[in-house]
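Okay, here's what each chain looks like letter by letter:
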Amino acid sequence: MKIGIVCYPTFGGSGVVATELGKALANRGHQVHFVTYNQPARLDLFSENLFYHEVSVSNYPLFDFPPYELALASRLVDVVRHEQLDVLHVHYAIPHASAAFMAKQILATYGIYIPVVTTLHGTDITLVGKDRTFKPVVTFSINKSDGVTAVSENLRSDTYKFFDIENDIKVIPNFIDLTRFSLKAKDHFKKAIAPFGEKVLVHTSNFRKVKRTEDVVKIFAQVIKSIPSKLLMVGDGPERSGCEQLCRDLGVTDNVRFLGKQDAIEEILSVADLFLMPSQSESFGLAALEAMACKVPVISSNAGGLPELNVDGETGYLNNVGDVDGMAERAIYILEDEARLETFKNNALARAKQFDLATILPLYENYYIEVVERCKDKAI
Ligand code: GMT
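By the naming in an unreviewed UniProt entry, the protein is N-acetyl-alpha-D-glucosaminyl L-malate synthase BshA, taken from Mucilaginibacter ginsenosidivorax.

Pasting the structure below:
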């Protein structure tokens with residue numbers, strides 16, 4: 001098939017899922033066209049089946065807010081027409097689903113019907129989407145999509161709860177490429193981080209409020225009282241400097257490293273003993289799945305879709321949002337006993353294998369076929 005993919009080209013979860021999906025589809029022989037404003041962060045390989053079409057937005061001085069959505073819609077019209085795409089798959093509703101709708105209307109004037117699949121990722125529904133600034137447009141563009149998927153059962157039910165949705169929403173969970181995300185031999189790195197055999201705790205995120213990064217530091221400050229340990233904070237965002245200050249206030253600075261944005265996450269995860277994800281809301285928790293694939297158990301909140309990934313008492317523990325004491329207690333329980341830690345590590349990997357790319361990819365391929373087939377009658 002010829003598939004157009006629209007996503008945010010950043011390190012955010014939706015962009016990562018979209019890019020990894022596109023790469024995997026290209027490997028399977030599909031022709032994949034990314035349409036976005038920058039080269040996607042994980043689009044790091046050459047393949048004869050992969051194409052990247054940049055969306056550039058005019059910076060005409062009249063525009064206080066450059067109209068990205070219009071530029072995207074125009075570019076989509078151009079790419080669908082000239083590359084003869086079979087389907088457009090847009091990731092994250094805002095503004096991609098509405099731009100795709102506009103492109104679809106314009107393409108109809110050329111006698112082209114382009115089926116549009118929208119994948120909902122989380123904050124496009126639970127945070128920004130349900131805000132009244134966007135709600136009517138998000139509702140409309142979900143209802144006008146030819147196919148809609150959500151990355152967890154929880155996100156699916158939240159979407160029905162918050163919006164008047166007439167469409168069926170299919171759950172296709174996030175996936176992991178186990179050939180990339182697996183435990184790597186990184187003994188020299190581990191020695192540098194934890195020279196005296198300390199346990200290594202890791203958090204990766206975009207350091208937005210929803211990630212509750214201060215809870216990560218507070219949990220760690222309790223853990224280190226019982227277990228010699230180090231904390232690696234990976235990523236960057238608005239909450240980072242507050243967290244750095246909190247480390248100073250709690251006297252743990254010497255044992256915490258802020259690594260900023262990193263490409264080779266799997267190498268960092270390979271030296272980790274525990275992953276912390278105390279998020280306020282999380283539709284799936286892709287970063288936790290990446291950790292589990294590298295044999296790292298997860299202490300998380302029980303928000304959103306996290307219980308569909310992290311199995312309480314098996315692959316880690318789930319506590320209420322904000323229950324720092326409970327999360328610290330669970331972390332210590334896992335880390336204080338080597339045999340127990342090993343069991344949790346093995347369970348984490350076994351669970352991650354259930355989200356193997358090879359299992360999830362056909363769900364998308366079959367869904368495209370189903371949607372395109374369903375749209376045949378609508379073809380102009
Ligand atoms: O977590 C973020 O803030 C980034 C966001 C995104 O859309 O880029 O992530 C969301 O999508 C990921 C991929 O489907 C999910 O794994 C994350 O759980 C979800 N984040 C939230 O719901 C907060």
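A.B. asks: Can you walk me through the domain arrangement of the protein in this structure?
C.D. replies: Examined at the domain level, the protein breaks down into domain 1 (2-175 + 357-379) and domain 2 (187-355). Once you take the C-alpha centre of each, domain 1 and domain 2 turn out to be 31 Å apart. Counting from both sides, the interface comprises 18 residues of domain 1 and, opposite them, 13 residues of domain 2. Buried area between domain 1 and domain 2, both sides added, is near 1,300 Å², and the carbon and sulfur share of it is 57%. Three residues, Phe-11, Asn-154 and Asn-174, lead the burial of domain 1 against domain 2; their summed loss comes to 34% of the area buried on that side.

A.B. asks: Any chance you could explain helix H5 (residues 135-144) here in plain terms?
C.D. replies: In an α-helix, one turn spans 3.6 residues, which is why side chains three or four residues apart end up on the same side. Residues Val-138, Thr-139, Ser-141, Ile-142 and Asn-143 constitute the buried set of H5. Buried residues along H5 sit against helix H3 (93-108), strand E5 (116-120), helix H4 (123-126), strand E6 (147-150) and helix H6 (153-162).

A.B. asks: Honestly, the sheet that holds strand E11 (residues 274-277) in this entry has me stumped. Any pointers?
C.D. replies: In any sheet, the strands associate via hydrogen bonds between backbone groups, in a parallel or an antiparallel arrangement. Overall, parallel pairing links the six strands, which are arranged E10-E9-E8-E11-E12-E13 in an open sheet. The strands lining the two open edges of the sheet, one partner per strand, are strand E10 (256-260) and strand E13 (316-319). In this sheet, neighbouring strand axes are inclined to one another by 20° on average, regardless of whether the strands run parallel or antiparallel. Seen against the sheet, helix H11 (residues 286-293) touches strand E8 (199-204), E11 and strand E12 (298-301) and runs at an angle of roughly 175° to E11. Helix-sheet contacts for helix H12 (residues 324-335) involve E8, E11, E12 and E13, and the interaxial angle to E13 is about 170°.

A.B. asks: What's the story with the UniProt feature "domain: Glycosyltransferase subfamily 4-like N-terminal" (unreviewed entry) in the protein in this structure? I'm lost.
C.D. replies: Mapped onto this numbering, the UniProt entry gives "domain: Glycosyltransferase subfamily 4-like N-terminal" (unreviewed entry) at residues 11-180. Its end C-alpha atoms 16 Å apart, residues 11-180 is made of 42% helix and 16% strand.

A.B. asks: What is the right way to look at the site of the ligand in this model?
C.D. replies: Of all residues adjacent to the ligand, which total 19 residues, the nearest are Ser-14, His-121, Asn-206, Lys-211 and Glu-282. Between the ligand and Ser-14 there is a distance of 2.9 Å, counted from an oxygen atom to a backbone nitrogen or oxygen. Here an oxygen atom of the ligand sits 3.5 Å away from a polar atom, N or O, in the side chain of Arg-208. Considering the ligand on its own, with 480 Å² of exposed area, one finds that the protein chains cover 95% of that surface. Top contributing element to the shell around the ligand by residue count: helix H1 (residues 13-27), with three residues. Among the residues making up the shell around the ligand, the classes are represented as five nonpolar, eleven polar and three charged. Residues from two domains meet in the shell around the ligand; each of domain 1 (2-175 + 357-379) and domain 2 (187-355) gives at least three.

Conventions adopted
- Residues numbered from 1 in each chain as written.
- Predicted model: local features only at pLDDT ≥ 70, side-chain atom pairs only at ≥ 80, totals over all residues.
- Heavy atoms only, no water.
- Domains from an automatic or database assignment.
- Contact = heavy atoms within 4.5 Å.
- Buried area = accessible area lost by both parts, 1.4 Å probe.
- Buried < 20%, exposed > 50% of the residue type's maximum accessible area, 1.4 Å probe, protein only.
- Helix = DSSP H or I, 4+ residues; strand = E, 2+ residues; numbered from the N terminus.
- Pairing = 2+ DSSP bridges.
- Axes fitted to C-alpha atoms, helices over the stretch in contact; angles between N-to-C directions.
- UniProt positions renumbered as here; feature names shortened; annotations may be inferred.
- Near = heavy atom within 4 Å.
- Polar contact = N/O pair within 3.5 Å; in protein donor to acceptor, adjacent residues only side chain to side chain.
- Areas by Shrake-Rupley, 256 points an atom, 1.4 Å probe, with all protein chains shown as cover.
- Nonpolar A, V, L, I, M, F, W, Y, C, P; charged D, E, K, R; others polar.

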